[in-house]
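Observations on the model geometry
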Amino acid sequence: MGKLFKQYIDSRRIYICRQCKSHITSHKELVSKTFTGQYGRAFLFNTAINISKGPPEEKALLTGLHIVRDIFCKFCRLLIG
């Protein structure tokens, strides 16, 4: 594995990893806050950076059957959602 390079977002309102403070996405990328995930409130964004993705899984949510995947911080491996 090569060296990981951290990307940064130039915006006033950003979402960050709560453990290592890596930038994840901008507030401008927010699509919806009305989801409820396995661990509580969930947000839907257009794009995100500095993440790694888990495998896609089919899950029955309140709004029907959806294909979802967990995302993790690329640097500290914290489960983000």
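For the structure, see preceding data.
Small disclaimer: the values here were computed from a predicted structure and weren't measured.

With respect to the overall build of the protein chain
- Looking only at helices and strands, the protein chain has zero helices and eight strands in total.
- Its helices and strands taken in sequence order, the protein chain reads β-β-β-β-β-β-β-β from the N to the C terminus.
- Taking all 81 residues of the protein chain together, the buried fraction comes to 15%.
- In the protein chain, of all internal contacts separated by at least 6 residues, the share reaching a separation of at least 24 is 29%.

Here we look at the pattern of salt bridges
- Counted according to the given criterion, the structure contains one salt bridge.
- Between K59 and E57 there is a salt bridge, with its nearest N and O atoms 4.0 Å apart.
- We classify E57 as partly exposed; its relative accessible area is 35%.

Some words on the side chain of S32
- Its place among the elements puts S32 in strand β3 (residues 30–37).
- By relative accessible area, which is 15% here, S32 ends up buried.
- Here T34 takes part through its side chain, which lies 2.8 Å from a polar atom of the side chain of S32.
- Those residues in contact with S32 that sit more than four places away from it in its chain are A42, F43 and L44.

Remarks on the packing of aromatic side chains
- Tallying each qualifying case throughout the model produces three aromatic pairs.
- A ring pair is formed by Y15 and F43, whose centres lie 5.9 Å apart and whose planes are at 80°; its orientation type is edge-to-face. Residue Y15 is found in strand β1 (residues 14–16), and its partner F43 is found in strand β4 (residues 40–45); the two are separated by 28 residues along the sequence.
- Residue Y15 is classed as partly exposed on the basis of its relative accessible area of 23%.
- Here F43 falls in the partly exposed class, since its relative accessible area comes to 31%.
- Through a chain of ring-to-ring contacts, the aromatic side chains of Y15, F43 and F45 assemble into a single cluster.
- Cation over ring: K6 sits above F75, and NZ or CZ is 5.1 Å from the ring centre.

Focus on unusual backbone geometry
- Despite not being glycine, K21 shows a phi value in the positive range, around 65°.
- On the secondary structure map, K21 appears in the loop between β1 and β2 (23–26).
- Its identity as a non-glycine residue notwithstanding, N50 has a phi of 60°, on the positive side.
- Position of N50 relative to the elements: it lies in the loop between β4 and β5 (51–53).

Reading the values: the criteria
- Residues numbered from 1 in each chain as written.
- Predicted model: local features only at pLDDT ≥ 70, side-chain atom pairs only at ≥ 80, totals over all residues.
- Heavy atoms only, no water.
- Helix = DSSP H or I, 4+ residues; strand = E, 2+ residues; numbered from the N terminus.
- Buried < 20%, exposed > 50% of the residue type's maximum accessible area, 1.4 Å probe, protein only.
- Contact = heavy atoms within 4.5 Å.
- Salt bridge = Lys/Arg side-chain N within 4 Å of Asp/Glu carboxyl O.
- Polar contact = N/O pair within 3.5 Å; in protein donor to acceptor, adjacent residues only side chain to side chain.
- Phe/Tyr/Trp six-rings, centres within 6.5 Å; stacked < 30°, edge-to-face > 60°.
- Lys NZ or Arg CZ within 6 Å of the ring centre and 35° of its normal.

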